[in-house]
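Geometric and topological summary
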Amino acid sequence: TRFVYLVLPFFLSISVSYDAYSRIQSAKNVRTARLGCIIGGILVIVIGALCSMIGVAARTLFPGVTDGIFTIATTGVLPPVLAGLVIAAILAAAMSSANCVILSMVASFARDFYNKFLHPEVENLDELPKSKLISQATVLLGSLVGIFFAFHMTDILDAMIIFNYPYMGSLLIPLLGGLLWKGATRKGAFAAAISGGIVGVVSFLFGIPGPLYGKMNTDLSLLIAYIVSAVFLVVFSLCDRKKQGK
């Protein structure tokens, strides 16, 4: 069960991870995007297996160490220069993904919410007077919230998994449902995203320091988010198709 807890959230989260989608959207054509996904997926599997092997070896070399085992093994085995390069590579990968996530958050608030939802009559975001201010405020507040939680989370791996829950709960079922079920509709997808997102956020609150911490198993609550999201997708899609006479 521990293995499933560690592997399954990452496996599923990749399918709805915006840092991956931002790279796909930057491809020059569909063929390049598809090829990049295949090659990138293979590399992730290889690198993930190698990192796991390092973790297994480090547990043997440094018994009793739990947190920060990768960094401890790197600095304890490699020469200082090589250790610095390895740690810098890890931080570079983390910063790259964090940068894409922040960009997606800015796009969601500025373009999707402020422009498309509050001011749909305006085609270009730059024409709205407060667009830059909203974008800058989103980056600042999002970064501050991330720093706050970073200081309060003690287990890095658990933190990475738990922070996946809100968007996994909201996006996984609508995405897969839209791809695999021809009966899915736009309204059904929105209903699934909202309902699953609400339960996903609650799942997230069960796993972070606060009044709800430990009140419920976070994995079980995420499973409930998937079930709720799937029910809303099916019900609202069927009702929508019925209204359309399909």
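What comes next concerns the included structure. (Residues numbered from 1 in each chain as written. Predicted model: local features only at pLDDT ≥ 70, side-chain atom pairs only at ≥ 80, totals over all residues. Heavy atoms only, no water.)

1. A word on the overall build of the chain
The secondary structure content of the chain amounts to 10 helices and zero strands. For the chain, the N- to C-terminal ordering of α and β elements is α-α-α-α-α-α-α-α-α-α. Residues counted as buried form 26% of the 246 residues belonging to the chain. For the chain, the exposed area adds up to about 16300 Å²; of that, 74% sits on carbon and sulfur atoms. (Helix = DSSP H or I, 4+ residues; strand = E, 2+ residues; numbered from the N terminus. Buried < 20%, exposed > 50% of the residue type's maximum accessible area, 1.4 Å probe, protein only. Areas by Shrake-Rupley, 256 points an atom, 1.4 Å probe, with all protein chains shown as cover.)

2. Focus: a nonpolar patch on the surface
Together, Leu-35, Ile-38, Ile-39, Ile-42, Leu-43, Val-46, Ile-47, Leu-50 and Met-53 make up an exposed nonpolar region whose accessible area comes to about 840 Å². Position of Leu-43 relative to the elements: it lies in helix H3 (residues 30-61). (Patch = residues over 30% accessible without salt bridge, like charges linked within 9 Å, V, L, I, M, F, W, Y side chains within 5 Å. Salt bridge = Lys/Arg side-chain N within 4 Å of Asp/Glu carboxyl O.)

3. Considering the side chain of Asp-240
By the secondary structure assignment, Asp-240 is in helix H10 (residues 218-243). For the buried residue Asp-240, which engages in no salt bridge, the nearest side chain bearing the opposite charge is Lys-187, 4.2 Å off. Ignoring sequence-local partners within four residues, the contact set of Asp-240 consists of Thr-185 and Lys-187. (Lys, Arg positive; Asp, Glu negative; His and termini not counted. Contact = heavy atoms within 4.5 Å.)

4. Some words on the side chain of Thr-185
Tracing the sequence through the fold places Thr-185 in the loop between helix H8 (165-180) and helix H9 (186-207). Of the polar contacts made by the side chain of Thr-185, one reaches the side chain of Asp-240; its length is 3.2 Å. Residues within four places of Thr-185 in sequence aside, it is in contact with Phe-236, Ser-237, Asp-240 and Arg-241. (Polar contact = N/O pair within 3.5 Å; in protein donor to acceptor, adjacent residues only side chain to side chain.)

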